[in-house]
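Examination of the molecular architecture
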Amino acid sequence: MADVTQITSGTLIAAERVNGTNVYNPAGEKLGSVEDIMLDKVSGRAIYAIMSFGGFLGMGEKHHPLPWSSLKYDTGKEGYVVDLDKKKLEGAPSYDDRDFRWTPDYGRQVDKYYGVPTYWI
């Protein structure tokens, strides 16, 4: 069977190739990188990119869910651009790995912070 990460072209990409992709603000500053993608199990749509930010060698790193609709792929940067600066990112919803549970209320908070229509009913 062909390796799916090798046969994609155009705008189609395997999820495992998105992980590790850099995320920039419009000024070109690197904010972090995509660590994971949250998908809707039923529709298959990407809903959030989980971006790692801060820390040193993985310690003290925070995870910021970014609504997928807020990301725009920039072919020149070979990364995603999101319209926020580091100061706004520091105040954005985030979590570390200690006992975090995703809830619809948390998802609504993320969507409201970024001013996008909420996925959560």
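A short tour of the structure in this document, coming up.

What counts and what doesn't
- Residues numbered from 1 in each chain as written.
- Predicted model: local features only at pLDDT ≥ 70, side-chain atom pairs only at ≥ 80, totals over all residues.
- Heavy atoms only, no water.
- Salt bridge = Lys/Arg side-chain N within 4 Å of Asp/Glu carboxyl O.
- Buried < 20%, exposed > 50% of the residue type's maximum accessible area, 1.4 Å probe, protein only.
- Helix = DSSP H or I, 4+ residues; strand = E, 2+ residues; numbered from the N terminus.
- 1 Å grid on protein atoms, 1.4 Å probe; cavity = no way out; pocket = protein on both sides within 12 Å on 5 of 7 lines; lining within 4 Å.
- Points joined across faces, edges and corners; volume = space filled by probe spheres on them.

All right, on to the pattern of salt bridges then. Counting across every chain of the model gives 2 salt bridges. A salt bridge links D74 to K77; the nearest nitrogen and oxygen atoms lie 3.7 Å apart. Classification of D74 by relative accessible area gives partly exposed; the value is 25%. Judged by its relative accessible area of 32%, K77 is partly exposed. A salt bridge links R108 to D105, with the shortest nitrogen-to-oxygen separation between them at 2.6 Å. With R108 and D105 both in helix α4 (residues 104–114), this residue pair falls 3 residues apart, about one helical turn. When its relative accessible area of 31% is taken as the criterion, R108 is described as partly exposed.

Our next topic: the layout of surface pockets. Of the voids in this model, the largest pocket is the one considered here, and its volume is about 300 Å³. Forming the walls of the largest pocket are G10, T11, L12, I13, A15, V18, I37, L39, A46, W68, Y73 and Y80. Secondary-structure elements contributing two or more residues to the lining of the largest pocket are α2 (15–18) and β2 (30–39). Empty space within the second largest pocket amounts to approximately 170 Å³. As for the second largest pocket, its lining consists of M38, L39, D40, K41, I47, Y48, W102, Y119 and W120. Mapped onto the lining of the second largest pocket, the elements with two or more residues apiece are β2 and β3 (46–53).

All right, on to unusual backbone geometry then. Phi at E78 takes a positive value of approximately 55 degrees, unusual for a residue other than glycine. Relative to the helices and strands, E78 is located in the loop between β5 (71–74) and β6 (79–82).

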